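Analysis of the macromolecular model
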Amino acid sequence: MLNLSELAHVYMMVDAIPPEVKVGSRVYCDGHYSTVLYIGEVPPTEGVWLGIEWDEPSRGKHDGTHNNNRYFTTRHPNSGSFVRPKKVEFGVTCFEAIQERYGVMDDVHAGVIQEELYVKGTSKNTVVEMVGAQKVNLQQGQLNLLKEAGIRGCKVYGAGPRHNLSMKTPNLRDLDISKTLLPSWEEVARITTQLKHLTSLNVSDNRLQLPRNPDLLAKAFQKLKTLYLNRMDLNFSEVLACSDLWPKLETLHLCYNNINKLCPLDGKLQNLEFLNLEGNSLENWDELLHFGRLPRLETIIANNIGLKGISFPNTPLNKKTGYFLALRVLSVNNNQLSQWSDINELNKLSQLEELRIKHNPVEKLLDLETTREFIIAKIAKLKLLNRSDVFPKERKGSEIDYLKKFGKEWLTAGGNQDPEKNKPNQQFLLDHPRYQDIVDLYGAPEDSEMTTQSKTLKDNLIMVTIVSQQAPDKKPLVKKLPSTMTVQKLKTLVQRLFKADMSSLSLSYISKKMEGPTIELENDLRQLSYYSIENGDTIQVKW
């Protein structure tokens with residue numbers, strides 16, 4: 001039997017902490033997120049304390065031990081603290097957060113808000129319409145019509161009253177509940193099970209406990225196709241442990257987690273089409289090969305993962321690999337790729353059409369234009385490189401230039417126009433696995449075409465002015481161009497500078513020394529030196 005003081009103490013504890021808060025709950029304190037690991041007294045002080053572990057370990061003071069007594073255990077040596085409940089925010093329900101952000105404001109009904117201007121359209125088509133805040137707010141307030149809801153950072157701790165979401169927001173398809181106080185996948189499931197049409201979910205920046213029985217929760221995510229799990233301190237084994245929750249998942253974002261090792265998928269994630277691994281630590285390409293047998297995987301984003309090489313070691317030269325049979329788009333920006341052999345290996349991918357490879361050491365082996373030319377020549381099906389189209393004319397020009405630049409090396413290595421005598425050595429084949437394919441397309445280069453570039457780049461440069469009457473707001477551009485640059489490569493450069501239509505682009509030049517009509521640069525495969533362009537000449541652009 002409790003005495004009056006004990007009863008008062010119990011009341012204080014219950015009154016200070018909402019009944020739904022328990023060990024494992026997430027709370028917000030002093031502007032930071034943390035997890036509750038202990039609720040109770042901490043002698044010799046009186047009253048209830050919360051033992052919490054901060055998401056940011058540096059904020060803590062201990063590991064859950066006080067006066068040699070252990071109250072809880074943290075993952076990091078000094079990430080724990082004790083705080084009073086009155087200092088903590090316990091959050092709101094998901095429905096309350098949606099209603100707060102998208103519901104009708106009371107002062108609208110009261111007629112307080114005055115009519116105001118509403119601007120729609122852009123540039124010449126801009127229309128100014130008097131609609132007023134009342135009309136806009138009433139539209140937003142129709143929660144039953146809401147299809148997208150973003151409540152990031154709204155300190156949501158759970159679903160709220162049963163059926164509220166299903167009754168009030170029945171058409172919700174896209175939900176962002178990132179950076180909240182949700183503690184577990186079970187709690188997320190209590191939200192999503194009410195949203196029968198949900199196809200996209202963002203739970204990034206949360207610390208969710210792994211599900212005890214994923215199969216039992218899968219019904220809550222039965223239509224989910226897109227999922228964001230960014231910055232959640234996950235390793236890949238934990239992702240796989242949850243993967244049965246999402247049987248129809250097509251798009252998965254796992255950016256900036258704790259993923260430094262992958263493992264066999266064992267039949268999981270088989271519907272995946274898009275995978276984003278940016279910001280993890282996966283320097284070994286062999287790790288990514290664990291995804292290589294996914295039958296529908298079309299896009300991999302592997303930016304800034306420390307990747308040091310690309311290799312399909314069991315695939316012979318000029319053969320297609322059995323990995324990544326559906327892969328069309330690969331992004332490997334901001335990595336450590338430094339060898340042309342990495343580019344050669346990518347030609348083994350049977351469907352690769354788009355490559356993003358900016359900010360890798362391989363870019364510094366040559367100037368940017370030549371690097372682009374080489375990549376295009378080395379990957380036969382490439383249609384987009386660093387988000388810039390590879391048009392058929394550019395491909396042809398790149399391949400012919402590649403053919404000429406390595407013609408002498410090909411002959412020295414044993415290459416020959418006579419098929420019976422054509423036996424380039426193994427090293428040349430390793431360095432230039434597509435060279436013979438290009439020879440088959442255009443024929444072997446003639447002796448006169450096998451030029452050797454000057455060792456000093458400045459010896460080849462000519463200074464020209466590039467102008468276009470169709471871009472009067474664009475000032476004349478003065479550029480130093482290699483005399484060995486082809487007209488096709490110059491067109492590619494001009495297209496980027498003027499945002500011109502590549503399909504109808506034409507170039508001509510006016511000689512500074514000779515008066516007369518403009519001279520058309522009509523052959524895309526010819527070098528600028530062929531047209532005797534010199535310092536001070538003017539290139540005219542039309543499209």
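Scroll up a little and you will see the structure.
A few points on the structure. (Residues numbered from 1 in each chain as written. Predicted model: local features only at pLDDT ≥ 70, side-chain atom pairs only at ≥ 80, totals over all residues. Heavy atoms only, no water.)

A word on the sheet that holds strand β26 (residues 519-520). Taken in spatial order, the 5 strands line up as β24-β23-β27-β25-β26 in an open sheet, and their pairing is mixed. With partners counted over all chains shown, the strands left at the sheet margins are β24 (477-482) and β26, one partner each. (Pairing = 2+ DSSP bridges. Helix = DSSP H or I, 4+ residues; strand = E, 2+ residues; numbered from the N terminus.)

All right, on to the pairing of strand β25 (residues 506-510) then. For β25 and strand β27 (residues 538-542), the ladder comprises 5 bridges, and the chain directions are antiparallel. Bridge pairing in β27 links Ser508 to Gln540. For β25 and β26, the ladder comprises 2 bridges, and the chain directions are antiparallel. Pairing of Ser508 across the sheet is with Glu520, part of β26.

Enumeration according to the criterion identifies 19 aromatic pairs in this entry. Look at Tyr38 and Tyr71: their rings are 5.2 Å apart centre to centre, the planes differ by 65 degrees, and that puts the pair in the edge-to-face class. Residue Tyr38 is found in strand β2 (residues 32-40), and its partner Tyr71 is found in the loop between β5 (69-70) and β6 (80-83); the two are separated by 33 residues along the sequence. On the accessibility criterion, Tyr71 (18% relative accessible area) is buried. Among the aromatic side chains, those forming a connected cluster through ring pairs are Trp340, Phe374, Tyr402, Phe406, Trp410, Phe428 and Tyr435. If you follow Arg293 out to its NZ or CZ, it ends over the ring of Tyr323, 4.2 Å from the centre. (Phe/Tyr/Trp six-rings, centres within 6.5 Å; stacked < 30°, edge-to-face > 60°. Buried < 20%, exposed > 50% of the residue type's maximum accessible area, 1.4 Å probe, protein only. Lys NZ or Arg CZ within 6 Å of the ring centre and 35° of its normal.)

Considering all chains together, one arrives at 25 salt bridges under this definition. The residue Arg70 makes a salt bridge to Asp63 at a minimum N-O spacing of 3.1 Å. Between Glu298 and Arg328 there is a salt bridge, with the nearest N and O atoms lying 3.6 Å from each other. You can see Glu298 sitting in the loop between α9 (285-288) and β18 (299-301) and its partner Arg328 sitting in the loop between β18 and β19 (329-331), a full 30 residues away along the chain. Here Glu298 falls in the partly exposed class, since its relative accessible area comes to 30%. Put simply, Glu298, Arg328, Glu353 and Lys383 are held in one network by salt bridges that share partners. (Salt bridge = Lys/Arg side-chain N within 4 Å of Asp/Glu carboxyl O.)

It is worth spelling out the packing of helix α11 (residues 368-378) against helix α12 (residues 392-405) at this point. Two numbers describe a pair of packed helices, the interaxial angle and the distance between the axes. Interaxial distance between α11 and α12 falls to 8 Å at its minimum, and their mutual angle equals 95 degrees. Our classification of the angle between α11 and α12 gives roughly perpendicular. On the side of α11, the interface is formed by Thr370, Arg372, Glu373, Phe374, Ile376, Ala377 and Lys378, while α12 contributes Glu394, Arg395, Gly397, Ser398, Glu399, Asp401, Tyr402 and Lys405. Of the residues assigned to the contact of α11 with α12, the class counts are 4 nonpolar, 3 polar and 8 charged. (Axes fitted to C-alpha atoms, helices over the stretch in contact; angles between N-to-C directions. Parallel < 35°, antiparallel > 145°, perpendicular 65-115°, else oblique. Contact = heavy atoms within 4.5 Å. Nonpolar A, V, L, I, M, F, W, Y, C, P; charged D, E, K, R; others polar.)

To continue, consider the sheet that holds β6. Across the sheet, which stays open at both edges, the 5 strands sit in the order β6-β3-β2-β1-β7 with antiparallel pairing between neighbours. The sheet is open, and its two borders are formed by β6 and β7 (88-89), each paired with just one other strand. Pairing of strand β1 (residues 26-29) with β7 involves 2 bridges; the strand directions are antiparallel. What sits directly across from Cys29, in β7, is Val88.

A separate point is helix α2 (residues 94-102). Cys94, Phe95, Ala97, Ile98 and Tyr102 are the residues of α2 that are buried. Angular distribution of buried residues about the axis of α2 spans 160 degrees; they occupy a single face of the element. (Arc of directions from axis to C-beta.)

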